[in-house]
Amino acid sequence: MSEVSRTEVAAPQRALSAARRGSFEEFYTAELPRLVALARGLAPAHLAEDVAQEAMLVAYRRWREVSELERPDLWIRRTCANLAVSQFRRRLVELRGVARLAGRRQPAVELSDSSEDFWSAVRALPQRQAQAAALRFVYDMPLAEIAATLGATEGTVKQHLSRARKALATTLGATTGTTTGEVEDR
Amino acid sequence: MTDLDTLARAAATELLDRTTPDVSGRYAELRRVRARRTAAKLVGVVAAVAVAAGGWRLAAGGDGRVEPAPPPSGVHNGDLIGIDWDAPGDMRWWTLIEGEGPAPSRPDDLGRYARVRFTPDGSSLLYPDREGRVVATRLRDGHREVLADCPEPDYCEASLSPDGRVVAISDHGGVRLQRVGATRSELLSIDGADFTASPSWSSDGTEIAFSTEDGVFVAAADGSSVRAVHLFAQRGWYYVPVSWSPDGSRIAFFDLERWGDKATGGNLYRYNVEFTAMTARPDGSDPRVLHRAGRCFCTKAPQPALAWSPDSSLVAVSTTLRAQPGAYVVQPDGTGWHQVGSGYYDAFAWQPVID
């Protein structure tokens with residue numbers, strides 16, 4: 001947590017404002033939809049909501065510390081991204097989800113074949129590449145924010161994204177727009 | 001050829017447009033889950049305090065060493081029990097498969113997905129309960145003691161050392177060891193292990209076998225070494241059961257092979273795993289295939305189980321084969337396979353009877 005706790009990224013966001021007001025409920029409301037989308041990009045469809053919810057539970061339990069962070073929104077995205085790519089943690093989420101099956105379950109988000117193919121290709125990437133790519137695509141994040149979220153340097157993230165783009169282009173039969181698949185900052 | 005950025009934008013836009021969680025409903029659920037987990041934790045703390053304050057000790061004390069098990073010649077096979085996978089509701093109920101039972105008292109508070117073991121003297125059953133604690137229930141009179149808290153309440157497996165003094169428990173990053181009656185525990189850290197499952201002590205108490213997503217391993221109980229007994233061809237999804245023979249000569253486990261996982265629509269997603277029961281020497285040599293044990297197909301399906309007979313002459317194996325689900329016994333070299341019970345079992349325990 002400390003690795004992302006003191007970033008110099010300063011762009012104000014809804015979630016940040018909510019956090020500074022100290023309300024977990026507002027933070028939850030602002031962050032959950034896109035967090036579910038992030039989880040949906042990185043984990044099997046039926047687990048997306050539960051993965052995002054599990055990440056929020058961690059934030060809820062530690063809200064006193066999390067709300068003090070410069071960017072709680074980056075922290076929750078990192079927690080969710082880590083949860084989504086860890087097989088074991090996903091399994092635990094699933095066990096808890098199965099335990100709740102008797103209760104209400106919302107149907108998984110269904111996508112068109114082309115979108116499903118795209119996100120399946122993202123999920124097939126090595127974990128860090130998949131996380132970097134999902135943060136880029138879901139949140140349209142600049143390199144600095146992805147780096148702050150993942151606790152990596154911008155150079156490392158750039159390399160992850162570059163490799164991810166090449167692999168995705170190969171898998172999906174697409175062009176990268178550049179000959180090297182290099183990543184431009186936004 | 002389409003540009004990757006165009007594909008990505010379209011996929012992200014569709015994903016965001018279609019992701020519309022019920023935020024207020026989910027928030028209410030989050031508060032309920034948080035309250036429930038807090039309550040469960042408090043119950044665990046109260047129980048630990050009760051034990052520390054003078055409760056019964058299974059075999060507390062000692063100087064930190066683990067003593068060997070009784071020699072196999074003095075041990076006979078008692079009851080073989082299986083945990084019914086398809087018991088109604090939340091019940092985790094056990095069935096006598098072979099032996100003289102029924103035992104006067106059988107626990108009814110087994111945790112979800114719990115695997116069970118008899119204590120080395122055969123008097124009690126060791127299992128994780130529904131509150132995420134490792135419990136020993138004495139079969140003679142139902143006397144029940146909490147031995148430790150599960151580090152991961154949703155997936156907990158435990159094994160008692162041959163001298164009954166130390167509980168080895170599955171945990172993140174290694175195997176957790178807790179002396180019976182103590183309130184503190186230590187992590188036997190295993191490099192590279194996300195999680196360890198199904199810890200099983202060697203008969204001399206010097207080593208512990210366990211499984212991870214990568215395979216089956218043996219670690220020295222003092223943390224001085226770790227070696228692989230068997231590696232899966234692919235990283236697994238399930239944590240397979242591991243059982244060290246009471247005479248110490250072999251380790252039984254399941255090999256697993258992952259086939260393509262399938263989305264089935266709606267909320268279900270199939271994890272298509274094929275299990276093969278095997279034994280090998282503790283150094284991984286002389287691997288023997290006992291039997292194919294079937295596939296595990298969906299989010300809520302039985303995993304096959306196995307357990308050694310106390311005299312080390314047989315291995316009990318459950319299968320999930322649709323045509324012939326049930327309990328079987330087989331000799332450690334794979335010969336003599338025969339059925340001893342029908343139905344689906346996801347855990348076995350075989351009671352030792354000591355002269």
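Conventions we followed
Counting restarts for each chain, with residues numbered from 1 along the sequence as it is written. A letter from A marks each chain and a number from 1 marks each ligand, given out in the order of writing. With the structure being a predicted model, the display of local features is reserved for residues of pLDDT at least 70 and the display and counting of side-chain atom pairs for 80 or more, all residues being used for whole-chain, interface and lining totals. Excluding hydrogens and water, the side-chain values take into account all heavy atoms of the structure. Two strands are said to pair when DSSP picks up at least two bridges between them. Secondary structure elements are taken from DSSP: a helix is a run of H or I of four residues or more, a strand is a run of E of two residues or more, and numbering for both begins at the N terminus. The axes are straight lines fitted to the C-alpha atoms, using for helices just the contacting stretch, and the angles between their N-to-C directions are given from 0 to 180°. Buried means the residue's accessible area, taken with a 1.4 Å probe over protein chains only, is under 20% of the maximum for its type, while exposed means over 50%, and partly exposed covers the values in between. Per-residue confidence from the predictor is reported as pLDDT, a score between 0 and 100. Note on definitions: a residue-residue contact is assigned when non-hydrogen atoms from the two residues lie within 4.5 Å. Here the angle decides the label: under 35 degrees means roughly parallel, over 145 means roughly antiparallel, 65 to 115 means roughly perpendicular, and every other value means oblique. Each Phe, Tyr or Trp ring, with Trp reduced to its six-membered ring, pairs with another whose centre is within 6.5 Å; inter-plane angles below 30 degrees give stacked pairs, above 60 give edge-to-face pairs, and intermediate values give tilted ones. Take a side-chain nitrogen of Lys or Arg and a carboxyl oxygen of Asp or Glu: if they are within 4 Å of each other, that pair is a salt bridge. Grouping buried Ala, Val, Leu, Ile, Met, Phe, Trp, Tyr and Cys residues that are joined through side-chain atoms within 4.5 Å yields what is termed a nonpolar core. Here, the term disulfide refers to a pair of cysteine sulfur atoms separated by no more than 2.5 Å. In this scheme, a helix's expected span is set at 1.5 Å multiplied by one less than its residue total.

Draft legend 1. Representation of the sheet that holds strand β14 (residues 226-231) of chain B within the structure. All names here are of chain B. Strand order in the open sheet formed by four strands is β11-β12-β13-β14, with antiparallel pairing between adjacent strands. In this open sheet, the two edge strands, each paired with only one partner strand, are β11 (197-201) and β14. Adjacent strand axes in the sheet meet at a mean angle of 20° when their direction is disregarded. Examined bridge by bridge, strand β12 (residues 207-211) and strand β13 (residues 215-220) share five bridges and lie antiparallel to one another.

Draft legend 2. Molecular detail of the pairing of strand β22 (residues 315-319) of chain B. Residues and elements named next belong to chain B. Of all five residues in β22, five are buried; the element is thus mostly enclosed. Every second residue of β22 is oriented toward a common face, with Val 315, Val 317 and Thr 319 on one face and Ala 316 and Ser 318 on the other, all of them buried. As defined by bridge partners, strand β21 (residues 306-308) adjoins β22 across three bridges and the pair is classed as antiparallel. What sits directly across from Trp 308, in β22, is Val 315. Count of turn residues in the β21/β22 antiparallel hairpin: six residues, of which Ser 312 carries a positive phi of about 65°. Sheet topology places β22 next to strand β23 (residues 326-330); five bridges connect them, and they run antiparallel. Bridge assignment links Ala 316 to a residue of β23, and that residue is Val 329.

Draft legend 3. Region of the structure containing the confidence of the model for chain A. All names here are of chain A. Residue-level pLDDT values for chain A average 77, and 71% of them are 70 or greater. Predicted confidence for residues 1-21 stays below pLDDT 50, and this span has 48 contacts to residues more than four positions away or in other chains. Overall, residues 101-105 carries pLDDT values under 50, and its contacts beyond four positions in sequence, including any with other chains, amount to seven contacts.

Draft legend 4. Summary view of the packing of helix α7 (residues 113-123) of chain A against helix α1 (residues 4-18) of chain B. In the contact formed by α7 of chain A and α1 of chain B, the axes pass within 9 Å of each other and the chain directions differ by 105°. As summarised for this structure, α7 of chain A and α1 of chain B are arranged roughly perpendicular, according to the angle between their axes. Judged by residue contacts, Ser 115, Phe 118 and Trp 119 of chain A of α7 of chain A engage Leu 4, Leu 7, Ala 8, Ala 10, Ala 11, Ala 12, Glu 14 and Leu 15 of chain B from α1 of chain B.

Draft legend 5. Looking closely at the packing of aromatic side chains. Applying the stated rule across the entire model yields 14 aromatic pairs over all chains. On the basis of an interplanar angle of 75° and a centroid distance of 5.2 Å, the ring pair of Phe 24 of chain A and Trp 63 of chain A is categorised as edge-to-face. With Phe 24 of chain A in helix α2 (residues 24-42) and Trp 63 of chain A in helix α4 (residues 63-66), this pair connects stretches of sequence that are 39 residues apart. Each member of the pair, Phe 24 of chain A together with Trp 63 of chain A, is buried. Seen in terms of ring centroids, Phe 210 of chain B and Phe 217 of chain B are 6.1 Å apart; in terms of plane orientation they differ by 20°. Their pairing is stacked. With respect to burial, Phe 210 of chain B and Phe 217 of chain B carry one shared label: buried. In this structure an aromatic cluster arises from ring pairing among Phe 24, Phe 27, Tyr 28, Tyr 60 and Trp 63 of chain A together with Tyr 27 of chain B.

Draft legend 6. Structural context of unusual backbone geometry. All names here are of chain B. Of note in the backbone geometry, Asp 286 takes a positive phi value of approximately 50° without being a glycine. In this structure, Ser 312 is a non-glycine residue whose phi angle is positive, near 65°. We classify Ser 312 as buried; its relative accessible area is 8%.

Draft legend 7. Region of the structure containing the pattern of salt bridges. Under the criterion given, the structure shown has 21 salt bridges over all chains. Arg 123 of chain A serves as the salt-bridge partner of Glu 116 of chain A, at 3.1 Å between the closest nitrogen and oxygen. Of the residues examined, Glu 116 of chain A reaches a relative accessible area of 22% and is grouped as partly exposed. With its nearest N and O atoms 3.0 Å apart, the salt bridge here joins Arg 288 of chain B to Asp 286 of chain B.

Draft legend 8. Structural detail: the nonpolar core. Counting residues in hydrophobic clusters, the biggest one holds 66 residues, and the most contacted among them are Phe 24, Leu 38, Leu 42, Met 56, Phe 118 and Trp 119 of chain A. Looking at which element gives the most residues to this core, the answer is α2 of chain A, with ten residues.

Draft legend 9. Quick peek at the state of the cysteines. Residues and elements named next belong to chain B. In this structure the tally under the stated criterion is one disulfide over all chains. Across the disulfide, Cys 150 is cross-linked to Cys 156 (sulfur-sulfur distance 2.1 Å). Between Cys 150 and Cys 156, the S-S dihedral sits near -80°, and the bridge is therefore left-handed. One exposure class covers both Cys 150 and Cys 156, and it is buried.

Draft legend 10. Examining helix α3 (residues 48-61) of chain A more closely. All names here are of chain A. The end-to-end C-alpha separation of α3 is 20 Å, in line with the 20 Å expected for 14 residues at 1.5 Å each. Counting buried positions over the 14 residues of α3 gives twelve, a clear majority of the element. If you check which residues of α3 are buried, you get Ala 48, Glu 49, Asp 50, Val 51, Ala 52, Gln 53, Glu 54, Ala 55, Met 56, Leu 57, Val 58 and Ala 59.

Draft legend 11. Up close: the sheet that holds strand β8 (residues 166-171) of chain B. All names here are of chain B. Read from one edge of the open sheet, four strands run β7-β8-β9-β10, paired in antiparallel fashion. Every other strand in the sheet has two partners, leaving β7 (158-160) and β10 (186-189) as the edge strands with one partner each. Strand after strand, the sheet turns through a mean of 25° between neighbouring axes, direction not considered. Relative to β8, β7 runs antiparallel, the two being bridged by three bridges. In the strand pairing of β8, Leu 160 is matched with Val 167.

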